[in-house]
Amino acid sequence: MGAAPKDGNPHDTLFCRVFERPEEAAGLLRVVLPARLVRHLDLSRVRLSSTRFVDPVVGTRTADMLYEVPLVADAECVVHVVVEHQSSAEARMLHRMLDYGLRGVDRGLRQSGVARLPALVPVLVWQESGGYPGPTRLTELLGLPADVRSALGDLVIEHRVVVYDLTRVSDRAIMRSRATSYGRLALLLLKHGRARGLVARMERQWGALLRRVWRERGAGAIETVARYALAVGDEDIEGLRAAVERALGPRGGEVVMSTAEKLRQEGLEQGLEQGRAEALLRQLRLKFADVPAETQARVRAGSPADLDRWLDRVLTAETLEDVFGA
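Residues numbered from 1 in each chain as written. Predicted model: local features only at pLDDT ≥ 70, side-chain atom pairs only at ≥ 80, totals over all residues. Heavy atoms only, no water.

(A) Structural detail: the overall build of the chain. The helix and strand tally for the chain stands at 14 helices and seven strands. Here the chain holds 326 residues, and 45% of them are scored as buried. Contacts in the chain between residues far apart in sequence, at least 24 positions, make up 63% of those at least 6 positions apart. On the chain, roughly 16900 Å² of surface is accessible, and the fraction owed to carbon and sulfur atoms is 51%. (Helix = DSSP H or I, 4+ residues; strand = E, 2+ residues; numbered from the N terminus. Buried < 20%, exposed > 50% of the residue type's maximum accessible area, 1.4 Å probe, protein only. Contact = heavy atoms within 4.5 Å. Areas by Shrake-Rupley, 256 points an atom, 1.4 Å probe, with all protein chains shown as cover.)

Given below as structure tokens:
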């Protein structure tokens, strides 16, 4: 069950494409979770749960990763780990992570019929330079004086997020971590994704790791790396092709050129879909005048099938609900 990367964000796309795989997910959890917890988890059986949740107000919302991991001692007892990758601070991020996690727990309980409530562990993988600036505890968002929070004690929900701050982890530590080769390369790319010289660093400093990923994961993994480098790096297509070819040989260069052509075609198709979405929004504004921001976001995130259905309905709809109803 694939993760759903956030539209238009190459950092999230890389993170989701790499760590949706069970083996890479297990390696990531070995790195980001406390060792005292890891030893109780059967990471050979980690499972990616669906990350899409339908909210009646804002429509579909998407978490980065929601993993279900059974315990070594009791396979029926499961720990849910919600992992969010962030490259910028958001005021309600902790609240959103808890929301995603609780929705996943609720869905799992309804599907399994198991009465025991699974543990929920939120993890934040932070990428922006300067270190993570936000709160790590849910109660810090309450806006109450410290003495009042203390008086409330365990009468309110408390949740602490595990922060894995890439900006405070050395390249050497990432290279020597228990993540897979592909996972280590992804974390290094994310750490340096906003810096100049990413392609040169990938060739000169991570060349051996890149070759290992090529041997272990093949052309698909190199395509994912190339997509990220082309989206965020300061090299053009030819510069990236030459660097990858020097590291991996002619076939590696061919993967880069093939990836560039796919991106060009996808860009053309995305432009067409964006045009259809804007056409629908124009029709909605002409017919209903006030189109809420949530509805605009829903239209722009709609699939081709969604847009087809909504464009058909808007012709005869009397209300917005008529357009977007089931």
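There is more to say after this.
(B) Representation of the sheet that holds strand β4 (residues 65–70). Taken in spatial order, the five strands of this open sheet run β1-β4-β5-β6-β7, and their pairing is mixed. In this open sheet, the two strands that pair with only one neighbour each are β1 (47–48) and β7 (162–165). Two strands pair when backbone bridges link them, and strand β5 (residues 78–86) and strand β6 (residues 119–126) are joined in this way by eight bridges, in the parallel orientation. Bridge assignment links Val83 to a residue of β6, and that residue is Val123. Across the sheet, helix α2 (residues 22–32) lies against β4, β5, β6 and β7, angled at about 85° from β4, the strand it touches most. (Pairing = 2+ DSSP bridges. Axes fitted to C-alpha atoms, helices over the stretch in contact; angles between N-to-C directions.)

(C) Helix α7 (residues 181–192), seen in detail. Counted at 1.5 Å a residue, the expected span for α7 with its twelve residues is 16 Å, and the 17 Å between its end C-alpha atoms agrees. Residues of α7 that are buried include every one of Ser181, Tyr182, Gly183, Arg184, Leu185, Ala186, Leu187, Leu188, Leu189, Leu190 and His192, and no others. (Expected span 1.5 Å × (residues − 1).)

(D) Seen up close, the nonpolar core. Counting residues in each nonpolar core, the largest one holds 61 residues, and the members touching the most others are Leu29, Tyr67 and Val83. Counting 14 residues, the second largest nonpolar core, distinct from the first, contains Leu280, Leu284, Phe288 and Trp310. (Core = buried A, V, L, I, M, F, W, Y, C linked by side-chain atoms within 4.5 Å.)

(E) Spatial organisation of the packing of aromatic side chains. What the rule picks out here adds up to three aromatic pairs. Ring centres of Trp126 and Tyr132 lie 5.2 Å apart, and the angle between their planes is 65°; on these two criteria the pair is classed as edge-to-face. The pair Trp126 / Tyr132 is uniform in exposure class, with both members buried. Relative to Phe324, the ring of Trp310 has its centre 4.9 Å away and its plane inclined at 65°; by these criteria the two rings are edge-to-face. Of this pair, Trp310 sits in helix α13 (residues 304–314) while Phe324 is found in helix α14 (residues 320–324), placing the two residues 14 residues apart along the sequence. Side by side, Trp310 and Phe324 carry an identical accessibility label, which is buried. (Phe/Tyr/Trp six-rings, centres within 6.5 Å; stacked < 30°, edge-to-face > 60°.)

(F) Quick look at the environment of Leu187. Among the structural elements, Leu187 can be located in helix α7. When its relative accessible area of 0% is taken as the criterion, Leu187 is described as buried. Sequence separation between Leu187 and Val125 is 62 residues, and the spatial gap between their C-alpha atoms is 9.5 Å.

(G) Quick look at the environment of Pro304. Here Pro304 lies in helix α13. Exposure remark for Pro304: the relative accessible area of 45% places this residue in the partly exposed category. Residues Pro304 and Gln274 lie 30 residues apart in sequence; the distance between their C-alpha atoms is 10.0 Å. Every residue in contact with Pro304, bar those within four places of it in the chain, is listed here: Glu273 and Arg276.

(H) Representation of the pairing of β4. For β4, the tally of buried residues reaches six of six residues, placing the bulk of the element in the interior. Of the two faces of β4, both are covered, the one formed by Met65, Tyr67 and Val69 as well as the one formed by Leu66, Glu68 and Pro70. For β1 and β4, the ladder comprises two bridges, and the chain directions are antiparallel. Across the sheet, the residue bridging to Leu48 is Tyr67, located in β4. Bridging between β4 and β5 involves six bridges; their strand directions are antiparallel. Looking at β5, one finds that Met65 is bridged to Val83.

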